[in-house]
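Residues per chain, in single letters:
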Amino acid sequence: MSSVKILYVTQEMVPYLPSTELAEMSRKLPQAIQEQGREIRIFMPKYGCINERRNQLHEVIRLSGMNLIIDDTDHQLIIKVASLPAARMQVYFIDNDDYFRRKFTVADADGTEYADNGDRIVFYARGVLETVKKLRWTPDIIHCHGWFTSLLPAYIKRVYSDDPFFADSKVVYSVYDKDYQNPLSDTILKHLCADGIAENEISTLKSGASYANLCKFAVDFSDGVVQGSREVDAEVMKYARQEGKMILDYADEESYVSAYNDFYNKILGQ
């Protein structure tokens, strides 16, 4: 019997970005789950502040070169990879000159959030899924960490639902403590509709693409929801319970490995 395949998609991860609760979990959880006998892949954005030489990133030519159209403009998808030898893991990075070459992550040096963050998370979601197809790797579970990944569940369940690589994939979304303040541009609604998501299915975002609404939108299309931080937006977790989603409550350092492993089995009906 083949091992369960789990795709981890995150917005940040140590050692490539400074330590946060999300970045630490994105580093520790895949290794721990791999040691449980699962097969894993990891994706994150290649922000311009990530030092390629120090972290030994290199471009994967066979995966790069596709153009993704956003707002009638072609944006080249560039894929890079780095290894974590001690963990026997590779990390794939989604890169693009327009969206990810600036020297910060989601806000500038003054803390002003980038006006095109909505476009960036659309590109990231589509870039991850197109790259997984090129890898010819079919994930059983796709686990999304943080608001920068919040569009992936909708793309998996609607835009890519007939694709054999994702047709049977289960989606898990982890909610973390709020780390951005202002709603994203409402152009995000136009992008979602243009990519084939029905207008009546984006109602969660119509009052604004705020942090809470983005998380709720991810919940709408997820099979399971994880409380990733000890303190999260209570409104989001309440919404997940009202929607009848499988829930994994916050698991501390001592219990998280068995808690996540059991939750994955529950999601898969095992």
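Residues numbered from 1 in each chain as written. Predicted model: local features only at pLDDT ≥ 70, side-chain atom pairs only at ≥ 80, totals over all residues. Heavy atoms only, no water.

## Some thoughts on the overall build of the protein
(1) Moving on: In terms of helices and strands, the protein carries nine helices and 11 strands.
(2) Moving on: For 270 residues, the compact-globule estimate of 2.2 N^0.38 gives 18 Å, and the protein sits close to it at 17 Å.
(3) Moving on: Projecting the C-alpha coordinates of the protein onto the three principal axes gives extents of approximately 45 × 45 × 40 Å.
(4) Moving on: The proportion of buried residues among the 270 residues of the protein is 57%.
(5) Moving on: Carbon and sulfur atoms make up 44% of the accessible area of the protein, which amounts to about 11,800 Å² in all. (Helix = DSSP H or I, 4+ residues; strand = E, 2+ residues; numbered from the N terminus. Rg over C-alpha atoms; globule rule 2.2 N^0.38 Å. Buried < 20%, exposed > 50% of the residue type's maximum accessible area, 1.4 Å probe, protein only. Areas by Shrake-Rupley, 256 points an atom, 1.4 Å probe, with all protein chains shown as cover.)

## A few points about the side chain of Lys 80
(1) Moving on: In this structure, Lys 80 sits in strand S6 (residues 78–84).
(2) Moving on: We classify Lys 80 as buried; its relative accessible area is 6%.
(3) Moving on: Only 3.0 Å separates the side chain of Lys 80 from the side chain of Asp 95, close enough to count as a polar contact.
(4) Moving on: Not counting residues within four places of it along the chain, the set of residues in contact with Lys 80 comprises Lys 46, Glu 52, Leu 57, His 58, Glu 59, Val 60, Val 91, Tyr 92, Phe 93, Asp 95 and Arg 101. (Polar contact = N/O pair within 3.5 Å; in protein donor to acceptor, adjacent residues only side chain to side chain. Contact = heavy atoms within 4.5 Å.)

## Notes on the layout of surface pockets
(1) Moving on: In this model, the largest pocket occupies a volume close to 230 Å³.
(2) Moving on: Broken down by class, the residue content of the lining of the largest pocket amounts to six nonpolar, three polar and two charged. (1 Å grid on protein atoms, 1.4 Å probe; cavity = no way out; pocket = protein on both sides within 12 Å on 5 of 7 lines; lining within 4 Å. Points joined across faces, edges and corners; volume = space filled by probe spheres on them. Nonpolar A, V, L, I, M, F, W, Y, C, P; charged D, E, K, R; others polar.)

## Observations regarding unusual backbone geometry
(1) Moving on: The omega angle of the peptide bond from Val 14 to Pro 15 is 10°, so this bond is cis rather than trans.
(2) Moving on: Secondary-structure assignment places Pro 15 in the loop between strand S1 (5–10) and helix H1 (21–34).
(3) Moving on: Backbone geometry places Asp 72, a non-glycine residue, at a positive phi of 65°.
(4) Moving on: The backbone of Arg 136 sits at a positive phi, close to 55°, despite the residue not being glycine.
(5) Moving on: Residue position: Arg 136 is located in the loop between helix H4 (117–135) and strand S8 (141–145).
(6) Moving on: Judged by its relative accessible area of 66%, Arg 136 is exposed.

## Topic: the packing of H1 against helix H9 (residues 256–267)
(1) Moving on: Interhelical geometry of H1 versus H9 gives an angle of 70° and a closest axis separation of 10 Å. As far as their axial angle goes, H9 and H1 are roughly perpendicular. As H1 packs across H9, the resulting crossing turns out to be right-handed. Packed against H1, whose contacting residues are Met 25, Lys 28, Leu 29, Ala 32 and Ile 33, the element H9 presents Tyr 256, Val 257, Tyr 260, Asn 261 and Tyr 264 at the interface.
(2) Moving on: Of the residues assigned to the contact of H1 with H9, the class counts are eight nonpolar, one polar and one charged. (Axes fitted to C-alpha atoms, helices over the stretch in contact; angles between N-to-C directions. Parallel < 35°, antiparallel > 145°, perpendicular 65-115°, else oblique. Left-handed = near helix turned anticlockwise from the far one by under 90°.)

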